[in-house]
Amino acid sequence: VFCHDALCAFTQALIDANKPPALFEEDEIDQMLAAILPPLAAQHNGGVLLDTARNRALFARLSRKIVATAKAIVRQLAAGKFKLEGSEVAFGPGRLFPALALELPGGVRYELTGRIDRIDRYTSEAGDSYVRVIDYKTGDASFAIADLFAGIKLQLPLYASAVTALARAEEKAARVAGMYYLPVADPA
């Protein structure tokens, strides 16, 4: 949860900065995270990450992973044409994106709601819109199309459906360009 919250706060800080990712220097990313991580650690589970030497060492390891992942996010965005659209984007009643309605035989209806870690969007010069949804993962996670057909690992496809449902409701075409798990890791 700590890594997830930190990356969502970092992503929101990038959005708030309203600056092309290619213009961010590494030291600027370090400064942004230095402003995010310590207060977040103090709040997380009553400050447990700061209460013992062992937990402070854990905080340092987690921070290295978060910093490496944050820098990878900026590099990925700088290398492409997609732009950050949202962080911690909720879908459901009263939200920007509607709930996903599932109607089962017999008239039973369910509304699925959720929160998407990150949405990126690219709009072409012709006005075509493409979205990708990203979910931050601290453990091993992979997506295989066979899992989708088996009815498991539906998180990313459901997120993509929620994002494109609004476009369908407004009669605007939005295509899913990708669905990704982003591992929180320090490759060093």
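This is a predicted model, so every value here is computed, not measured.

(A) Focus on the pattern of salt bridges. All told, the structure shown has 10 salt bridges when counted by the stated rule. Across the pair Glu-26 and Lys-71 runs a salt bridge, and its minimum N-O distance is 3.2 Å. Remark: Lys-71 occurs in helix 3 (residues 53–79) and Glu-26 occurs in helix 2 (residues 26–43); sequence separation between them is 45 residues. According to the relative accessible area criterion, Glu-26 is partly exposed, its value standing at 47%. Residue Lys-71 is classed as buried on the basis of its relative accessible area of 13%. Between Glu-85 and Arg-121 there is a salt bridge, with the nearest N and O atoms lying 2.3 Å from each other. Note that Glu-85 is positioned in strand 1 (residues 83–91) and Arg-121 in strand 4 (residues 114–123), a separation of 36 residues in sequence.

(B) Here's a closer look at the nonpolar core. Formed by 28 residues in total, the largest nonpolar core has its most connected members in Phe-2, Phe-10, Leu-14, Ile-66 and Tyr-136. For this core, the secondary structure elements donating two or more residues are helix 1 (2–17), helix 2, helix 3 and strand 5 (129–137). Listed in part, the 14 residues of the second largest apolar core include Phe-91, Ile-119, Tyr-159 and Ala-162.

(C) Geometry of a positive patch on the surface. Together, Arg-54, Arg-61, Arg-64 and Lys-65 make up a positively charged patch on the protein surface. Among the structural elements, Lys-65 can be located in helix 3.

(D) Fine view of helix 1. The terminal C-alpha atoms of helix 1 lie 22 Å apart, and with 16 residues this matches the ideal 22 Å at 1.5 Å per residue to within 8%. Residues of helix 1 that are buried include every one of Phe-2, Cys-3, Ala-6, Leu-7, Cys-8, Phe-10, Thr-11 and Leu-14, and no others. As for helix 1, its buried residues are in contact with helix 2, helix 3, strand 1, strand 4 and strand 5. A positive backbone phi angle near 50° is found at Asn-18, which sits one or two residues after helix 1.

(E) Quick peek at the state of the cysteines. One pass over the full model with this rule turns up zero disulfides. For Cys-3, which is in no disulfide, the shortest distance to another cysteine sulfur is to Cys-8 and amounts to 11 Å. According to the relative accessible area criterion, Cys-8 is buried, its value standing at 5%.

(F) Layout of the packing of aromatic side chains. Scanning the entire structure with this criterion turns up four aromatic pairs. On the basis of an interplanar angle of 50° and a centroid distance of 6.0 Å, the ring pair of Phe-82 and Tyr-122 is categorised as tilted. Residue Phe-82 is located in the loop between helix 3 and strand 1, and its partner Tyr-122 is located in strand 4; the two are separated by 40 residues in the primary sequence. The exposure class assigned to Phe-82 is buried, which follows from its relative accessible area of 18%. Classification of Tyr-122 by relative accessible area gives partly exposed; the value is 22%. Between the aromatic rings of Phe-91 and Tyr-159, the centroid separation amounts to 6.0 Å while the plane-to-plane angle is 75°, which identifies the pairing as edge-to-face. Of this pair, Phe-91 sits in strand 1 while Tyr-159 sits in helix 5 (residues 155–169), and the two are 68 residues apart along the sequence. Note on Phe-91: relative accessible area 4%, which makes it buried.

Basis of the calculations
Numbering of residues starts from 1 in each chain and follows the order in which that chain's sequence is written. Thresholds applied to this predicted model are a pLDDT of at least 70 for local features of residues and 80 or more for the giving and counting of side-chain atom pairs; totals over whole chains, interfaces and linings are not thresholded and use all residues. As a rule here, side-chain values come from all non-hydrogen atoms in the structure, and water together with hydrogens is ignored. A carboxyl oxygen of Asp or Glu within 4 Å of a side-chain nitrogen of Lys or Arg is what we treat as a salt bridge. For the purposes of this entry, the term helix denotes a DSSP run of H or I that reaches at least four residues, the term strand denotes a run of E that reaches at least two, and both are numbered from the N terminus. Classification of residues uses two cut-offs on accessible area relative to the type maximum, computed with a 1.4 Å probe and protein chains only: under 20% is buried, over 50% is exposed, and between them is partly exposed. Take the buried Ala, Val, Leu, Ile, Met, Phe, Trp, Tyr and Cys residues and link them wherever side-chain atoms come within 4.5 Å; each set so joined is a nonpolar core. A patch consists of residues whose relative accessible area exceeds 30% and which take part in no salt bridge; residues with like charges are grouped when within 9 Å of each other, and nonpolar side chains (Val, Leu, Ile, Met, Phe, Trp, Tyr) when within 5 Å. Each accessible area is a Shrake-Rupley result for a 1.4 Å probe, and residues are judged covered by the shown protein chains and nothing else. Positive residues here are Lys and Arg, negative ones are Asp and Glu, while His and the chain termini are left out of the count. Charged side chains are reduced to one point each, which is NZ for Lys, CZ for Arg, CG for Asp and CD for Glu. Every helix has an expected span of 1.5 Å times one less than the residues it contains. Any two residues whose heavy atoms approach within 4.5 Å are treated as being in contact. Cysteine sulfur atoms that come within 2.5 Å of each other are treated as a disulfide pair. Any pair of Phe, Tyr and Trp rings, taking the six-membered ring for Trp, is counted once the centres come within 6.5 Å. Such a pair is stacked with planes under 30 degrees apart, edge-to-face with planes over 60 apart, and tilted for the rest.

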